[in-house]
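Coordinate inspection notes
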Amino acid sequence: MKKKHIVVLTGAGISAESGISTFRDSDGLWEKHSVKDVATPEGFEENPKRVLDFYNQRRAQLNEVEPNQGHTLLAQLETEYNVSIITQNIDNLHERAGSTVVLHLHGELTKAQSTKNRHLIYDIGTNAIDIGDTCDYGSQLRPHIVWFGEPVPEMEHAQKIVQSADIFVVIGTSLNVYPAAGLVAYVGSNTPSYIIDPKQVEVPYNLSFTVIQKKASSGVVELIEILKKSHADESKNG
Ligand code: OAD
């Protein structure tokens, strides 16, 4: 039998139990830093070192954190389902947990790109980017991150993935940031959809999602139980 396709949209909350701060919770990153200063092209133009330092710290943190049960269970789902992860996160914890299909909507910490050509991308692991580090053509490197005000190049690809979902799951995102949050509009009207988050999240467009009001790790455990039960019910009914 063909494996069902589970599409999972994740945000900062999936990595919270690994020790990475979310953005909008109290004590989140956007309480300590101004979005304009560190996550816009204007902020980079004004003070590139401040922006490089911000992402250098986030990148270095990758050496100190590990995937949590939420990431690991999503990776293990691949034995029974085709699983596509669409993440707004810039960490590499889904990959490190073993997920094989991961689309990063907002870029990746472990990559740098040329300031003159966003298609010139380099793997840098957890190394810092400093002023004076350049691409092969001599232009300053910047983090491979989609900043506010920049287009999200992977959106169309992400929309197609969401449209092909047999089961759709949202984990750990406040659904505040567009266009990423708008992906929920591409879910088929009969596609079972779930949202895992310890807080109540308002799903745009009044869409109806089954709410699992838990942290990512215990929430994914509950999700798997629900999926097993619905699979058993389907088998019983023919
Ligand atoms: P937010 O900080 O806006 O939302 C995090 C969500 O995770 C909230 O709904 C929390 O309730 C939830 N959460 C907290 N702890 C959790 C846990 N242990 N398990 C599950 N959920 C938990 O982060 P995002 O929605 O990911 O973009 O933010 C979206 C984008 O805004 C980011 O990609 C980033 C940011 O500005 C850019 O920088 C371009």
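First things first, this report covers the structure right here in the doc. Quick caveat: nothing in here was measured; it's all calculated off a predicted structure.

With that settled, consider the sheet that holds strand 7 (residues 167–171). In space, the six strands of this open sheet follow the order 3-2-1-7-8-9, with parallel pairing throughout. The sheet is open, and its two borders are formed by strand 3 (102–104) and strand 9 (210–212), each paired with just one other strand. With direction set aside, neighbouring strand axes in the sheet form an average angle of 20 degrees. Strand direction decides the pairing type here: strand 8 (residues 193–196) and strand 9, joined by three bridges, are parallel. The residue bridging Ile196 from the neighbouring strand is Ile212, located in strand 9. Contacts from helix 7 (residues 155–163) reach strand 1 (5–10), strand 2 (82–87), strand 3 and strand 7 within the one sheet, and its direction differs from that of strand 2 by about 140 degrees. Each of strand 1, strand 7, strand 8 and strand 9 touches helix 8 (residues 216–236); the most contacted strand, strand 8, lies at about 155 degrees to it.

On to the site of the ligand. Close to the ligand lie 24 residues; Phe23, Arg24, Thr173, Ser174 and Asp197 are nearest. Interatomic distance of 2.7 Å between a side-chain N/O atom of Arg24 and an oxygen atom of the ligand. A distance of 2.8 Å is found between an oxygen atom of the ligand and a side-chain nitrogen or oxygen belonging to His106.

Pairing within the open sheet is antiparallel, and its three strands lie in the order 5-4-6. Strand pairing shows two members of the sheet lacking a second neighbour, strand 5 (121–123) and strand 6 (141–145), which therefore form its edges. Across the sheet, the mean angle from the axis of one strand to that of its neighbour is 45 degrees, orientation sign disregarded. Bridge count for strand 4 (residues 107–114) against strand 5 is three bridges, and the pairing is antiparallel. Note that in strand 5 the partner of Lys111 across the bridge is Asp123. This element, helix 4 (residues 48–61), spans strand 4 and strand 6 of the sheet and lies at about 55 degrees to strand 6.

Taking 1.5 Å per residue as the helical rise, helix 4 with its 14 residues ought to reach 20 Å, and the 20 Å between its terminal C-alpha atoms agrees with that figure. Listed in full, the buried residues belonging to helix 4 are Val51, Leu52, Phe54, Tyr55, Asn56, Arg58 and Arg59. Buried residues in helix 4 make contact with helix 1 (29–32), helix 2 (35–38), helix 3 (41–46), strand 4 and strand 6.

Moving on: the environment of Leu223. Looking at the secondary structure, you find Leu223 in helix 8. Non-local contacts of Leu223, meaning those with residues more than four positions away in its chain, are made with Val169, Tyr194, Ile196 and Ile212.

Our focus in this paragraph is the packing of aromatic side chains. Applying the stated rule across the entire model yields six aromatic pairs. Ring geometry for Phe23 and Trp30: centres 5.0 Å apart, planes at 40 degrees, overall tilted. Overall, Phe23 belongs to the partly exposed group, its relative accessible area being 28%. With centroids separated by 6.4 Å and ring planes inclined at 40 degrees, the aromatic side chains of Tyr55 and Trp147 adopt a geometry described as tilted. Of this pair, Tyr55 sits in helix 4 while Trp147 is found in the loop between strand 6 and helix 7, placing the two residues 92 residues apart along the sequence. On the basis of relative accessibility, which here comes to 4%, the residue Tyr55 falls in the buried class. The buried category is assigned to Trp147, whose relative accessible area is 2%. Taken together, the ring pairs connect Phe23, Trp30, Phe44, Phe54, Tyr55 and Trp147 into an aromatic cluster. The ring of Trp147 is capped by Arg142, whose NZ or CZ atom sits 3.8 Å from the centre of that ring.

The rules behind the values
- Residues numbered from 1 in each chain as written.
- Predicted model: local features only at pLDDT ≥ 70, side-chain atom pairs only at ≥ 80, totals over all residues.
- Heavy atoms only, no water.
- Pairing = 2+ DSSP bridges.
- Helix = DSSP H or I, 4+ residues; strand = E, 2+ residues; numbered from the N terminus.
- Axes fitted to C-alpha atoms, helices over the stretch in contact; angles between N-to-C directions.
- Contact = heavy atoms within 4.5 Å.
- Near = heavy atom within 4 Å.
- Polar contact = N/O pair within 3.5 Å; in protein donor to acceptor, adjacent residues only side chain to side chain.
- Expected span 1.5 Å × (residues − 1).
- Buried < 20%, exposed > 50% of the residue type's maximum accessible area, 1.4 Å probe, protein only.
- Phe/Tyr/Trp six-rings, centres within 6.5 Å; stacked < 30°, edge-to-face > 60°.
- Lys NZ or Arg CZ within 6 Å of the ring centre and 35° of its normal.

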